[in-house]
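# Reading the structure
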Amino acid sequence: MTRRLVAVLPALALAAAAAASRGSAQPVVRGYAVAPDVTVRLYIPAGTLRIEAWERDSIHFAGTLGANAAVFGGGARTHVKLGVEARSHTDSTIPAAQVVVQVPRRARLWVKMIDGDLAVSGTTVELEAYTVRGRVDVHDVAGSTTVESIDAPVTLTDAIGDVRVRGSRAPVTLERVRAALSVSTVSGGVTLRASGVDGRIETVGGTIDVGGVRAGGVLELQSHSGTIVLRLDPRGVPALDLSSRRGTTPQPRLRGDARYGRIAARSFRGDVRVELTTRRQRSR
Amino acid sequence: MSASHEPTGITCASLHAALPAYRAGVLDTNDAWRLERHAAHCTACASLLDAPLAAPLAVPLDADTRSAMRTYVLAQLTPARAGGAVSRRWGLRAAAVLAAASIAVLLRQQSASHRSPAGAATPGSPSHGAPMATAIRLAESSAAAEFAALDAAAQELTASILAAPNDAELRRFRDALDTRRRELARRIESVPE
């Protein structure tokens, strides 16, 4: 028996060392009892982060950590901060993790990633999300929602309240949004479908493709060189104010009716187009 | 400094593009400040900002416009004011560079003294060191093409504004570009926060 142990123990130690050196995934689980309106800050530099709002007054943080990653943070009933940081300063790899977090529905949530996929659903008070690259997918949210990225496509569906998106190169897609809206990008396109919004959408070179405005609402669209496309219901065309310095605008001019809202679209060099479509086409 | 971006988002190329407007005094204070901040770190651009109007401009101008711009700029700079302003400005730049260098040295020393011998991260602190350098490089490289697009659009609008200085809509288009540039620069700056 002792001989066997003597033979097996070094092998086990070697295997453990090999696993550690390969940076095998380390599981992590944390839980906190918190106030229903807790302020939560999450920082996961790379990997995937899925956040779900639930009806409980607690936070559950579970997942796996990649090589060179360790969890930091903690908190009290009203404030919790959790994140992933590098174990070593000398390894240039951005620390990664695959994490699922449940937070109270009324939590105020601040999330930051560098290069990863972020999915958030169900928050009702406040969400602020920042990332450089990867993908951001937000759905079924209310209250104040802010998403900022440099090169991550942003998809936002089923949102109400105040929505603010700041993108750059990647596209921004909004569906079924009932909100006061503020969206801007540089070269990324912005698509708005099946939504009732008022507010402002701006791009420099991206296409703005909009399916309408909230009845009685005002929507301002501006681009430098991107095309602006309005897909409107012929039964209720909003009042239109369309202009392009060096591009084309619809001829003859459409006027529309302010009862259905107002859309002002301006481009310096891009074309402004209006397509009268069916409801089915617009929601596609 | 060549094509790299300041936190203000100004590059040598964008400074060249905005030079006629800067010299004509049609840039707003913020924009002029950003150009000067870039020039404080870039000797080539500093010489352009301080060069006489006869230097080649990024946007070709007709003789009347050049003459009007020259009259405007000369009217703004009486000899006493010009000398004082220039020396003050260089004094301020030198002071700013010295202050920044001192702060950088202090921060570096502080960071080195807080780092454990094994190079392990301090628990609970934001990640610094090599991983954060990678993150910042990623952000800068992701944004580089966007800054270039903003530069090109700004150059186009600046030329139009010079041709029609009283056109408020053109200025609004340009202001929108400036806002996009500031937002993008702020997002890069906020990566290590």
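Here, the structure is the one placed above.
First, a word on scope: everything that follows refers to the structure included in this document.

Calculation notes
Residues numbered from 1 in each chain as written. Chains lettered and ligands numbered in written order. Predicted model: local features only at pLDDT ≥ 70, side-chain atom pairs only at ≥ 80, totals over all residues. Heavy atoms only, no water. Core = buried A, V, L, I, M, F, W, Y, C linked by side-chain atoms within 4.5 Å. Buried < 20%, exposed > 50% of the residue type's maximum accessible area, 1.4 Å probe, protein only. Helix = DSSP H or I, 4+ residues; strand = E, 2+ residues; numbered from the N terminus. Contact = heavy atoms within 4.5 Å. Salt bridge = Lys/Arg side-chain N within 4 Å of Asp/Glu carboxyl O. Polar contact = N/O pair within 3.5 Å; in protein donor to acceptor, adjacent residues only side chain to side chain.

What follows deals with the nonpolar core. All names here are of chain A. Membership of the largest hydrophobic core comes to 64 residues, with the highest contact counts inside it found for Ile51, Leu221 and Leu230. With 6 residues, strand S13 (residues 172–184) is the single largest residue contributor to this core. In contact with Leu230, other than residues within four places in its own chain, are Val210, Leu221, Leu240, Leu242, Ile263, Arg273, Val274 and Glu275.

Under the criterion given, the structure shown has 28 salt bridges over all chains. Of the charged contacts, one joins A:Arg273 and A:Glu275 as a salt bridge, the two residues approaching to 3.3 Å between their closest N and O atoms. On the accessibility criterion, A:Glu275 (25% relative accessible area) is partly exposed. Between B:Arg180 and B:Glu183 there is a salt bridge; the shortest N-O distance is 3.2 Å. Of the two residues, B:Arg180 and B:Glu183 both sit in helix H7 (residues 168–189), 3 residues apart, roughly one turn of that helix.

Moving on: the interface of chain B and chain A. Counting from both sides, the interface comprises 45 residues of chain B and, opposite them, 46 residues of chain A. There are 7 salt bridges connecting chain B and chain A. The partner of B:Arg186 in a salt bridge is A:Glu148, and the shortest N-O contact between them spans 3.3 Å. Run the count over chain B and chain A and you get 20 residue pairs in polar contact (both at pLDDT 80 or more). Sort the elements by how many residues they give to the side of chain B that touches chain A and helix H6 (residues 129–163) of chain B lands first, with 18 residues.

Residues and elements named next belong to chain A. With respect to the helices, strands and loops of the structure, Arg262 is situated in strand S20 (residues 257–267). Between the C-alpha atom of Arg262 and that of Asp241, which follows or precedes it by 21 residues, the distance is 7.9 Å. Those residues in contact with Arg262, other than ones at most four positions away along the chain, are Val213, Gly217, Val218, Leu219, Pro238 and Ala239.

So yeah, pure geometry; function would need other evidence.
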